[in-house]
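Each chain is listed here by its residues.
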Amino acid sequence: MNPVDLGYAAGWKLVRGMPESVARSLFNGAADYAYRKNGRGTQRLRANLRRVVGPEMAEEELDDVVRAGLRSYARYWKEAFRLPSRTHQQHLDDFRVANWQMLAKIMEDDPGVIMALSHSGNWDTAGAWVTAMGWKLTTVMERLKPEAVYERFVEFRRSIGMEILPLTGGERPPFDILVDRLQAGAIVPLLADRDLSARGVEVEFFGGRTRMPSGPALLAIRTGKPLLVIDMWYDEESLRGYVNHPVEIPGPETGTLRERVSNVTQQMASMFEASIARHPQDWHMLQRVWLDKPPTPEV
């Protein structure tokens, strides 16, 4: 067994059996160690959070946000490892969502919703809540290396009721399958706050330029299904969320397909920005985001 796969296997087996207080202490300790070590991921998180909070925040305050951010990220992994052992009722209780009634009304009247998520809070806990509510959920997952780790994640997410499509290597393009699932009434959540590939749509985000995936906008335009940005953050007790009102989808008379996708993606980016600004410590972005360099803080 690959050492990386062995680590994940041990996590899912051992952590779920620990008392909550022991697991919390273990993962907080790992986060604090990462903060002191200040490795590449921590440095990238700091740079990303500096963009979010702006040059005005003092370094000491930013230190606190970075430390809290690493603890939040560790909390995500602690909860992910324990998620398969949670009961149906616990899945419902683990995610406290404001304005969920609007989502329920949409799913009752004309089922099929695209959810756009940032890398905030815990998207797996949110997915478990969706399936516990009795709704079908289909999403896409990038193939991880080694393959055994990818398969372990797929098995984990399927165990909580999700249908997982591979981003590459499937029998059909995932976009076509997602269209079918939406038309059949499923919820399709997609992580949508980063895509630096040439396929990404350039947007303005915290005063800089980045790219985000076109998939949510294209699915909304193709299917006519609503696109909802879901805010997520932690409080002391649970994962919190808010269901935003649907993104406005411009009609074909407003411009080309490229222009319409750009419009929708920028709306999505602006909603992510507002949510992340309110809860910067819960944005788990340890990778490069922006295409340009941040402004130098004034001394």
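Here is a short report on the structure shown in this document. Not measured: the values here are computed from a predicted model.

The rules behind the values
Residues numbered from 1 in each chain as written. Predicted model: local features only at pLDDT ≥ 70, side-chain atom pairs only at ≥ 80, totals over all residues. Heavy atoms only, no water. Phe/Tyr/Trp six-rings, centres within 6.5 Å; stacked < 30°, edge-to-face > 60°. Buried < 20%, exposed > 50% of the residue type's maximum accessible area, 1.4 Å probe, protein only. Helix = DSSP H or I, 4+ residues; strand = E, 2+ residues; numbered from the N terminus. Polar contact = N/O pair within 3.5 Å; in protein donor to acceptor, adjacent residues only side chain to side chain. Contact = heavy atoms within 4.5 Å. Salt bridge = Lys/Arg side-chain N within 4 Å of Asp/Glu carboxyl O. Pairing = 2+ DSSP bridges. Axes fitted to C-alpha atoms, helices over the stretch in contact; angles between N-to-C directions. Expected span 1.5 Å × (residues − 1). Arc of directions from axis to C-beta. 1 Å grid on protein atoms, 1.4 Å probe; cavity = no way out; pocket = protein on both sides within 12 Å on 5 of 7 lines; lining within 4 Å. Points joined across faces, edges and corners; volume = space filled by probe spheres on them. Nonpolar A, V, L, I, M, F, W, Y, C, P; charged D, E, K, R; others polar.

**Structural notes on the packing of aromatic side chains**
No. 1: Evaluation of the coordinates by the stated rule reveals 13 aromatic pairs.
No. 2: Measuring from centroid to centroid gives 5.2 Å for tyrosine 76 and tryptophan 77, while their planes differ by 75 degrees, and the two rings are edge-to-face. Each member of the pair tyrosine 76 and tryptophan 77 is classed as buried.
No. 3: Ring geometry for phenylalanine 205 versus tryptophan 290: centroids 5.7 Å apart, planes at 20 degrees, classification stacked. With phenylalanine 205 in strand β6 (residues 201–205) and tryptophan 290 in the segment after α11 (257–278), this pair connects stretches of sequence that are 85 residues apart. Each member of the pair, phenylalanine 205 as well as tryptophan 290, carries the same accessibility label: buried.

**Considerations on unusual backbone geometry**
No. 1: Phi angles above zero are rare outside glycine, and asparagine 38 is one such case at about 55 degrees.
No. 2: With respect to the element layout, asparagine 38 can be found in the loop between α2 (20–37) and α3 (40–53).

**Description of the side chain of asparagine 244**
No. 1: With respect to the element layout, asparagine 244 can be found in the loop between β9 (239–243) and α11.
No. 2: We classify asparagine 244 as buried; its relative accessible area is 13%.
No. 3: There is a polar contact of 2.8 Å between the side chain of asparagine 244 and the backbone oxygen of valine 229.
No. 4: Of note is the side chain of asparagine 244, whose polar atom sits 3.0 Å from the side chain of aspartate 231.
No. 5: In contact with asparagine 244, not counting residues within four places along its chain, are Met102, Leu228, Val229, Ile230, Asp231 and Met271.

**Topic: the pattern of salt bridges**
No. 1: Per the stated rule, a full pass over the model turns up 21 salt bridges.
No. 2: Measuring nitrogen to oxygen at the nearest pair gives 3.7 Å for the salt bridge that ties arginine 46 to glutamate 59. A residue pair is termed long-range when its members are at least 10 positions apart, and arginine 46 in helix α3 and glutamate 59 in helix α4 (residues 59–82) qualify at 13 residues.
No. 3: Residue classification places glutamate 59 among the partly exposed positions, given a relative accessible area of 42%.
No. 4: Ionic pairing is found between arginine 181 and glutamate 163, a salt bridge with its closest N-O pair at 2.8 Å. Residue arginine 181 is found in helix α9 (residues 174–183), and its partner glutamate 163 is found in strand β4 (residues 163–166); the two are separated by 18 residues along the sequence.
No. 5: A residue is classified by how much of its surface remains accessible, and arginine 181, at 29% relative accessible area, is partly exposed.
No. 6: Here the salt bridges share partners, and the residues they tie into one network are Glu20, Arg24, Lys78 and Arg82.

**Quick word on the sheet that holds β9**
No. 1: Pairing in this open sheet of five strands is mixed, and the strands run β1-β9-β8-β2-β5 from one edge to the other. For this open sheet the edge positions go to β1 (95–98) and β5 (187–191), each flanked by a neighbour on one side alone. The mean angle between the axes of side-by-side strands here comes to 30 degrees, regardless of whether they run parallel or antiparallel.
No. 2: Direction of pairing for strand β2 (residues 113–117) relative to β5: parallel, over a ladder of five bridges. The partner of valine 113 across the bridge, within β5, is isoleucine 187.
No. 3: Sitting on the sheet, helix α6 (residues 100–109) is in contact with β1, β2, β5, β8 (227–234) and β9, with an inclination near 150 degrees to β2.

**Some words on α2**
No. 1: Over its 18 residues, α2 runs 26 Å from end to end, which matches the ideal 26 Å to within 8%, given 1.5 Å per residue.
No. 2: Within the sequence span of α2, burial applies to Ala23, Phe27, Asn28, Ala31, Asp32 and Tyr35. Projected down its long axis, α2 carries its buried residues within an arc of 165 degrees, all on one side. Turned more than 90 degrees away from the buried face of α2 sit Arg36 and Lys37, all of them exposed.
No. 3: For α2, the elements touching its buried residues are α3 and α4.
No. 4: Immediately downstream of α2, the backbone of asparagine 38 shows phi near 55 degrees, a positive value.

**Let's talk about the layout of surface pockets**
No. 1: Here the largest pocket is characterised by a volume of approximately 1800 Å³.
No. 2: In terms of lining residues, the largest pocket is bounded by 50 residues, among which His119, Val140, Met141, Glu142 and Leu191 are the most central.
No. 3: In terms of residue count, the dominant contributor to the lining of the largest pocket is helix α7 (residues 123–132) (six residues).
No. 4: Residue composition of the lining of the largest pocket, by class: 35 nonpolar, nine polar and six charged.
No. 5: If you add up the space inside the second largest pocket, you get close to 660 Å³.

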